[in-house]
Amino acid sequence: MSDAQSATSLPYQDAVPGAVLAVEKGLLDDSLIVAPDKLVPLATYLRDHEGYDMLSNLTAVDYLKFKGRTKADRFEVVYHLYSTRRGGRPKVLKVRLPEDNPVAPSLISVYPGANLQEREAWDLYGIRFTGHPNLRRILLWEGFNGHPMRKDWLEPYYEADVKPFKSRHPDGYHAWAEDRNPWGDNVRYPDGFDPETWQSPVQTVPLPRHGGNGVPGAIKTERLVVNMGPQHPSTHGVFRMVVELDGETVTALEPEMGYLHRNHEKIGERNTYLMNMPYTDRLDYLSSMSNNLAYAIAVEKLLGDEYKPPERAEYLRVIMAELTRIVNHLFSVGTFLNDLGAFFTPLLYTVRERELILDLFEAASGSRMMCNYMRFGGVARDVPDGWLDQCRQLVYERLPAKIDELDRYLTGNEIVQQRCVGVGYLSPEDAIALSCTGPQLRGSGVPYDIRKAEPYSIYDRFDFSVVAFDGCDVYSRYLVRIEEMRESIKILKQALKQIPEGPIQGGKGGYTVRPPVGDVYSRIEAPKGELGFYLVSDGTGNPYRYRVRPPSFINLTALAPMCIGNKVADSVIILGAIDIVLGEVDR
Amino acid sequence: MSNLPPGMAEVPEEVKSNVILSTVDFVYNLARSYSLWPMTFGLACCAIEFIVTGTARYDMSRFGMEVARPSPRQADLMIVSGTVTKKMVVPIVRLYNQMAEPRYVISMGACATGGGPFKEGYNVVSGIDKFIPVDVYVPGCPPTPEALIHGFITLHNKIKKQSVRTVPWYRKDYVGQIPIPVLGPDIFSTDPAKMRQIRDINMQRLMASRAAGKVSIAELRHAGDDEVVVIRNTGLAQDMTGWQLHSGQGERRFHFPAGFVLMPDAEVRIHSGPEAEAATPNDLVWTTQRIWRHEGDTATLIDAGGAVVSTFSYGGN
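This is a predicted model, so every value here is computed, not measured. (Residues numbered from 1 in each chain as written. Chains lettered and ligands numbered in written order. Predicted model: local features only at pLDDT ≥ 70, side-chain atom pairs only at ≥ 80, totals over all residues. Heavy atoms only, no water.)

**Observations regarding the interface of chain A and chain B**
Quite often, the size of an interface is put as the accessible area lost when its parts meet. Heads up, the rule is: Working rule for contacts: check all heavy atoms of both residues, and any pair within 4.5 Å makes them a contact. Two parts placed together each lose some accessible area; with a 1.4 Å probe, that loss summed over both constitutes the buried area. Put simply, a salt bridge is a Lys or Arg side-chain nitrogen that is within 4 Å of an Asp or Glu carboxyl oxygen. Polar contacts, as used here, are pairs of N or O atoms within 3.5 Å; protein pairs need one atom able to donate a hydrogen and one able to accept it. Residues neighboring in sequence count only if both atoms are side-chain atoms. Secondary structure follows DSSP: runs of H or I at least 4 residues long count as helices, runs of E at least 2 residues long count as strands, and numbering of each begins at the N terminus. Side-chain classes are defined by residue name, with Ala, Val, Leu, Ile, Met, Phe, Trp, Tyr, Cys and Pro counting as nonpolar, Asp, Glu, Lys and Arg as charged, and the others, Gly among them, as polar.
On the side of chain B, 54 residues touch chain A, which itself brings 65 residues to the contact. Summing both partners gives a buried area of about 5,600 Å² for chain A against chain B, and 62% of it is carried by carbon and sulfur. Salt-bridge contacts for Asp185(A) lead to Lys130(B); the nearest nitrogen and oxygen are separated by 3.6 Å. Remark: the boundary between chain A and chain B carries 24 residue pairs in polar contact (both at pLDDT 80 or more). Broken down by secondary-structure element, the contributors of at least two residues to the side of chain A that touches chain B are α3 (264–270) and α7 (345–365) of chain A. With six residues, the top contributor of residues to the side of chain A that touches chain B is α7(A). Looking at side-chain class alone, the side of chain A that touches chain B contains 37 nonpolar, twelve polar and 16 charged residues.

This is how it looks when you write it as structure tokens:
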């Protein structure tokens, strides 16, 4: 793949000599193989001179069982850089690392948004990032045995590398995974482990501890560390914040997650491509159709033009994705008002409309929440008779009125304004540097929407505008959501007008697809931000690497900078305005 | 008479309008089953359906259940709504211990019941009932609000069959506290019997892997005029009295000193050549002559009975 090239023909030799070792041809984008020690200068150059201002995706791949790779380049850290001004395809950097001591330089100094993603790569792959200020485990706990995403790390219920498992039904009977495990449970200990002598390693959360307020003659106050979560009504699931307080003011904040880490990516590598589709429903479980769409598009990019969906399927996909956006924002606004203290009443209003859309989903796919509707090259089934009329009635009459009603009740509300305006400030520069996407980025005044920046599916046919408010606060993020629902209605009206009759499945269909060898990163504008899938194919029916770039996980990078200086009660609404869903944060 | 509710006894004529006779159980259970306060506690996807069950379309308050309490001390019902991970089961058990009796648990959805689609995940608990007792299981992924309401009604029926004479929490010997599991290299219960079982199995496995291990030549290298043969033991401790190391080209033999024991996971280095020296007790000096041919040679390890234990080829590759 990486041909021997003469040093002069390699890119960026003038800017950063010796940085690029080779150029690897990819299915969509060429990637640059970068020398580890030259990564930071090259990234700085790309950011400052070529406008690649956002590190969108950072992940690692273990090439242990990949054809043609050796122990000297077993690990690979992949970086996808985008330009928020130009849009378009990414600049892909790859750093190859040896087996015995995988160490890469941390990119935090160039892109602060690398913070949580590098911690995840350390946790799951054991790759160290020098210069990272807080390289702790993020999804698992300190003391966990090994780095689970490595190809030679086997889970307790391991049966075979890839599905379908032959061992599942020996002699036609189901064999329980528990029966093969000496403890009859989903656990595995190192040989000789004695629980009575086990001592948990001391977990240090790096909060700067101060004593007193430092002003001579003033009252000596002590800073207080408060744990919020994982069982806390305001944290939208099982999420924990360690907050250091001076009085009521937040002086430091550290997010702790992983309480819903259900091993999506490890399971995804064992699954075949199609088996992963229902799993994507459970990523961001409020907007399953968007997840389906993102994954279907990613695999279609791997498969090539043959799997291009027919027209009707494209329209159905867009209709579903935009309905999902409305569902998500309705729920998000409702729970956000919950966080503000308007307990449950606004949620009653928003959930009522959500239910009507879920009825449409149920009629089309058979399930309210976990739709599992998209397929590679189309959708699973056509919508039933009368579905489009019902949808039109909703889109043309009911939803616009209800969104206006919500707007009228909430937006001008004095309490909402008092609590939200100016809270959780995030400047546009910081938002980009911290890799924020979705309403959080547009609430900081950056009109960056992947539907416009890098149009996918048939979004280039519709007339809609990118919503951005430059208040840079919680209130702007709320306004973005309300306005985005109106833009979605606009898209839906056009799509419902133009949708043609015809087939709904292109390509060869069938259960097994075998994409060519290669890797692809594909992203869509999910309701919460940039939802990307990074897939590596080794030519078999199962993805070699299946990485989800979760928007709400990466948006959390900005949580601490936004909260510091605000009151502790405001940290709850700042978190609420990020709109996290833990199924996606922890995967 | 015939339209009296079940459990009601017949009332004498003179007190009919003043007194209602019933059983303690009936009144207890009536009150309990229709004021079940669930805990505000969501784990994953199922939690969304739990929230939706509380909204206008499904309206949980019809069952006296709309008072969701954020504090476990005030809650009667824990709805385990979603995938239980090893990291999360520790707080869940702690929350359960904090709830006051009588307390009930509904396992909502496939994940909480048995691991669901994520069962094979390394961080997933295959069913919350491995840690806390469950009253009602609700199937589905996620269960629809209707299914959850059916679970509530099933729980009501279960409560109505209870009797204060037999429920466990009024017994003298009732403890009701569940040992909180600990996150080690993997999760383990702090129940002493389980800990002993874990240790025993682990030691057995260690011994088994030791018994499968053996003494073998791991390396043959030279640094300047110091030639080194590294012999490593991956098995049990081995007395090497009478063992020999044989060089293929030069036909030379090295006899291990009597009483030399190679411990598990240890290695012994046998030096030869002009610069050979023994720095540690596990460095043995053969001779100050050169033994091994650098172009290609084979070392053979022979045990006290004369059987070949391990061979190692050197050079050329």
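And the narrative resumes.
**With respect to the sheet that holds strand β3 (residues 54–62) of chain A**
Residue and element names in this part refer to chain A. Using the following cut-off: Two strands form a pair only when DSSP identifies at least two bridges running between them. Axes here mean lines fitted to C-alpha atoms, for a helix over just the part in contact, with angles spanning 0 to 180 degrees between N-to-C directions.
With mixed pairing, the five strands of this open sheet are ordered in space as β1-β2-β5-β4-β3. Strand pairing shows two members of the sheet lacking a second neighbour, β1 (20–24) and β3, which therefore form its edges. Pairwise comparison of adjacent strand axes, ignoring direction, gives a mean angle of 25° for this sheet. Of the pairings in the sheet, the one linking strand β4 (residues 75–82) to strand β5 (residues 91–97) comprises seven bridges and is antiparallel in character. When the sheet's bridge partners are listed, His 80 is paired in β5 with Val 92.

**Side note on the domain arrangement of chain A**
Residue and element names in this part refer to chain A. Our working definition: These domain boundaries are the output of an automatic or database domain assignment.
Each assigned domain of chain A is listed here: domain 1 (7–130) and domain 2 (264–585). On a C-alpha basis, the centres of domain 1 and domain 2 stand 28 Å from each other. Listed by partner, the interface residues are 33 residues for domain 1 and 34 residues for domain 2. In this structure, Arg 89 and Glu 454 form a salt bridge, with 2.7 Å as the shortest nitrogen-oxygen distance. Our count for the domain 1 to domain 2 interface comes out at 19 residue pairs in polar contact (both at pLDDT 80 or more).

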